[in-house]
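Spelled out from the first residue to the last, the chains are:
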Amino acid sequence: MTTVEWRGGKVRFIDQTKLPLQEIYIETAEYRIVVDAIRALKIRGAPAIGVAAAFGVALAAASAVSAETVEVEARRAADLLGSTRPTAVNLFASLHRMRRVLDQHSSRPSAELRHALLDEALRIYKEDVDACVRIGEFGATLLERGSAVLTHCNAGALATAGAGTALSVITTAAREGKITRVYVDETRPLLQGARLTAWELVKAGIPVTLIADSSAGQVLRTGRVAAVITGADRIAANGDTANKIGTYPLAVLARRHGVPFYIAAPISTVDLQIATGEDIPIEERDGREITHWNGVRVAAEGVDVFAPAFDVTPHDLITAIVTDAGIHRPPYAVSLPGVRTTP
Ligand code: MRU
């Protein structure tokens, strides 16, 4: 299963809104389809969004109708892609790299510009695949044999170009014989846990127990898990971490019950420009994702809705942050920029 890739001059991705009931791949030469796919969460998960956006810019350049419009089209695509989702910083990090290539090749022949954009997009893809492997190796060292763990949302292969972040830690540890079971929050309201993470774990042959988000307190209170591990959409310089709504309460529960709470993410998710979580932009979603169930209204007409897609977990609740550069411990303002630990 490939989440998003460049194939034969097109972008190919799996439509995550159809999973797990249907495995449908979309192949397109039109960058606006990629823009819409990110907006509609057909492609989702911070690293996957970053990779798809880079491919989107390369696609815009490749499909420009004339040599004169290559740069204009690529820049237009970058602007549109940057307007899709505000929280995951991987999107903006990728677009920054693609715009830098545009700046560097602005006066070069269009064929050269097209090549340079595709090369950079493929580098971003490859870096993400490699980062997932390293995150898995580093993170697995944190887990003991016989561990059950709890995760939230989907930080698996579907959220990246590779093996995932939090799920790469879990699948690597499982291969080492350390994992007995994974508790998966269903992850209201869009059910990334129930639809995507549970599907990935079942396919990987790892014992999985799906729970309603509201069951996490009971799971932690009764000592069922040795660790909680999730992904991230943006990590501020002090370690405050934005991730799928419902992550912060898990961190509070983990602290209450003395269970380690780990974040796993590529270095590209760390935003050193942002000092604390206060400055992380939080996407708000359409209220119908909460007032409706499968397209059918379930809440009273006239009710107000607050629908943030992400929350921020304060750094002091995070036991360690695992990146492809190593295991970062508090104080994160010191450990995030540099430390490298060998697994
Ligand atoms: O709204 P989504 O599904 O894009 O949110 C995804 C998450 O919050 C993931 O946990 C995060 O991006 C980490 S993915 C490796």
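Look up a bit, the structure's there.
Residues numbered from 1 in each chain as written. Predicted model: local features only at pLDDT ≥ 70, side-chain atom pairs only at ≥ 80, totals over all residues. Heavy atoms only, no water.

### Remarks on the nonpolar core
So, step 1. Residues Val11, Val57, Leu81 and Leu117 are the most contacted members of the largest nonpolar core, which totals 39 residues.
So, step 2. Those residues in contact with leucine 117 that sit more than four places away from it in its chain are Val57, Ala58, Ala61, Ala74, Met98, Val101 and Leu102. (Core = buried A, V, L, I, M, F, W, Y, C linked by side-chain atoms within 4.5 Å. Buried < 20%, exposed > 50% of the residue type's maximum accessible area, 1.4 Å probe, protein only. Contact = heavy atoms within 4.5 Å.)

### Things to note about the pattern of salt bridges
So, step 1. With the rule as written, the count across this model stands at 21 salt bridges.
So, step 2. Put simply, glutamate 283 and arginine 85 hold a salt bridge, and the shortest N to O gap is 2.9 Å. Placement of glutamate 283 in the loop between strand S11 (270-271) and helix H10 (288-291) and of arginine 85 in the loop between helix H3 (70-82) and helix H4 (89-104) is noted, with a sequence separation of 198 residues between them. Accessibility classification places glutamate 283 together with arginine 85 in one group, the buried group.
So, step 3. Among the charged side chains, a network of salt bridges with common partners joins Glu5, Arg7, Arg12 and Glu27. (Salt bridge = Lys/Arg side-chain N within 4 Å of Asp/Glu carboxyl O. Helix = DSSP H or I, 4+ residues; strand = E, 2+ residues; numbered from the N terminus.)

### What about the sheet that holds strand S7 (residues 227-230)?
So, step 1. Sheet architecture is open: seven strands sit in the order S6-S5-S4-S7-S10-S15-S16, paired in mixed fashion. If you trace the sheet from one side to the other, it starts and ends with strand S6 (208-211) and strand S16 (326-328), each paired once. Between one strand and the next, the sheet's axes are offset by a mean angle of 25°, whatever the strand orientation.
So, step 2. In the sheet, S7 pairs with strand S10 (residues 261-264) via three bridges, with the strands oriented parallel. (Pairing = 2+ DSSP bridges. Axes fitted to C-alpha atoms, helices over the stretch in contact; angles between N-to-C directions.)

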